[in-house]
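Each chain, letter by letter, is given below.
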Amino acid sequence: MSRFARIAGTGGYLPDRVRTNDDIAAQVDTSDEWIVERTGIRSRRIAGPDESASSMAEIASRQAIEAAGIAPDDIDLIIVATSSPDRVFPSTACLLQQRLNVRNCCPAFDVQAACSGFIFAFSIADQYIRSGNARRVLVVGSELNSRLVDWTDRATCILFGDGAGAVLLEASDEPGVLSTHINSDGQYRDLLYLPNASVSLDDEKRFIQMQGNEVFKVAVNTLGKIVDDTLAANHLNQSEIDWLVPHQANIRIIMATAKKLKMPMERVVCTIETQGNTSSASVPLALNEAIRDGRIQRGQTVLMEAFGSGFAWGSALIRY
Ligand code: COA
């Protein structure tokens, strides 16, 4: 009998502190109007000094575990997608394992694929479950972007926010995850990157570096293509997708993908207005929100997608 991976529970966490566009405009030469028009973002959440990728991941994960009705020790594998780990090593996944008091010595590791990290981690989890090597996998995206951006650089600081989202995937006889597609192209390495602290750096190079308009163009084209590939691989047409859960980088990128799918924006889960780009946390945060508020119902077909530094991009099609 085939095994599939099915979503058994989800969770999400956003820090309390809100930073509005006006707050940013008080520090750098920008305006609420410019940011809203170009990005769709009005505010974002900022983690407090005592928070970290692992502390936010813990809160989101506890919700997902509770929703799935399992105990932490039932988990066979923990994968955390993050580009803002508490420590370079051990992995944030190991720190999360300790925080959740998972004592069964299951493997725990991080995946680093920038904003596409959650989709990459989700794809790995799906492979583990399909192959019979794991029954329950905790997949988390957690990011503390506010400590990676230069708050004096108006080209980047307007975009990012902090948060964590989690999904508990479980083996099932029924789908579940229908397909995942992941891709990378390192040729684009210099358009969006974060220098590593292990390389000696001058101060301005400690933060996210981005050529926004170049990233924008490639993102729109690439996401259009992966949506086509995903539909073709599953012999589906656009009208059979109930919900689009996109990475939240820019409302104009999201609208271009929705247009490609001929989907009205009411069928697209958007959190960007109040969360900004939470990198690998954005897809699981949006998924969790739409499941918890009842928009996404069991049996519906949901397309998740993401694009980010690398470039790395991917999709996951699920029957919820
Ligand atoms: N406020 C006001 N003006 C700003 C600004 C800001 N925050 N940031 C840039 N500008 C200015 C630029 O200096 C430029 O001015 P100039 O014409 O005098 O040189 C002008 O606005 C246009 O800049 P440009 O970068 O072409 O704007 P844009 O329409 O491409 O919008 C982004 C910029 C960053 C919002 C947009 O490119 C974007 O969202 N890109 C994708 C980024 C992304 O998704 N990254 C993460 C991927 S996971």
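Residues numbered from 1 in each chain as written. Predicted model: local features only at pLDDT ≥ 70, side-chain atom pairs only at ≥ 80, totals over all residues. Heavy atoms only, no water.

**Section: helix H3 (residues 53-68)**
With 16 residues, H3 extends 22 Å between its outermost C-alpha atoms, agreeing within 8% with the 22 Å of an ideal straight helix rising 1.5 Å per residue. Buried within H3 are the following residues: Ala53, Ser54, Ser55, Met56, Ala57, Glu58, Ala60, Ser61, Ala64, Ile65 and Ala68. Lining the buried residues of H3 we find strand S1 (4-13), helix H4 (92-99), strand S6 (136-144) and strand S7 (162-172). Just downstream of H3, glycine 69 is the residue with a positive phi angle, here 70 degrees. (Helix = DSSP H or I, 4+ residues; strand = E, 2+ residues; numbered from the N terminus. Expected span 1.5 Å × (residues − 1). Buried < 20%, exposed > 50% of the residue type's maximum accessible area, 1.4 Å probe, protein only. Contact = heavy atoms within 4.5 Å.)

**Remarks on the packing of aromatic side chains**
As enumerated under the stated definition, the model contains four aromatic pairs in all. Geometrically, the ring pair formed by phenylalanine 118 and phenylalanine 122 is tilted, given 5.6 Å between the ring centres and 40 degrees between the ring planes. You can see phenylalanine 118 and its partner phenylalanine 122 sitting in helix H5 (residues 117-130), four residues apart, about one turn around the helix. Across the pair, exposure class does not vary: phenylalanine 118 and phenylalanine 122 are buried alike. Both rings, one in tyrosine 188 and one in phenylalanine 311, keep their centres 4.8 Å apart while their planes meet at 20 degrees; by these two values the pair is stacked. Pair noted here: tyrosine 188 is in the loop between strand S8 (177-184) and strand S9 (192-193) and phenylalanine 311 is in the loop between strand S12 (301-308) and strand S13 (312-319), with a separation of 123 residues, a long-range link. (Phe/Tyr/Trp six-rings, centres within 6.5 Å; stacked < 30°, edge-to-face > 60°.)

**What to know about the domain arrangement of the chain**
One frequently used descriptor of interface size is the decrease in accessible area upon assembly of the parts. Per the domain assignment, the segments of the chain are domain 1 (4-174) and domain 2 (178-319). The straight-line distance from the C-alpha centre of domain 1 to that of domain 2 is 14 Å. With 54 residues of domain 1 at the contact, the number on the domain 2 side is 46 residues. When residues of domain 1 are sorted by the area they lose upon contact with domain 2, Cys115, Ile119 and Phe120 head the list and together hold 17% of the total. Our enumeration of links across domain 1 and domain 2 arrives at one salt bridge. Inspection of the region where domain 1 meets domain 2 yields 21 residue pairs in polar contact (both at pLDDT 80 or more). The set of elements that each furnish at least two residues to the side of domain 1 that touches domain 2 consists of S1, helix H2 (32-39), strand S3 (43-46), H3, H5, S6, helix H6 (154-157) and S7. (Domains from an automatic or database assignment. Buried area = accessible area lost by both parts, 1.4 Å probe. Salt bridge = Lys/Arg side-chain N within 4 Å of Asp/Glu carboxyl O. Polar contact = N/O pair within 3.5 Å; in protein donor to acceptor, adjacent residues only side chain to side chain.)

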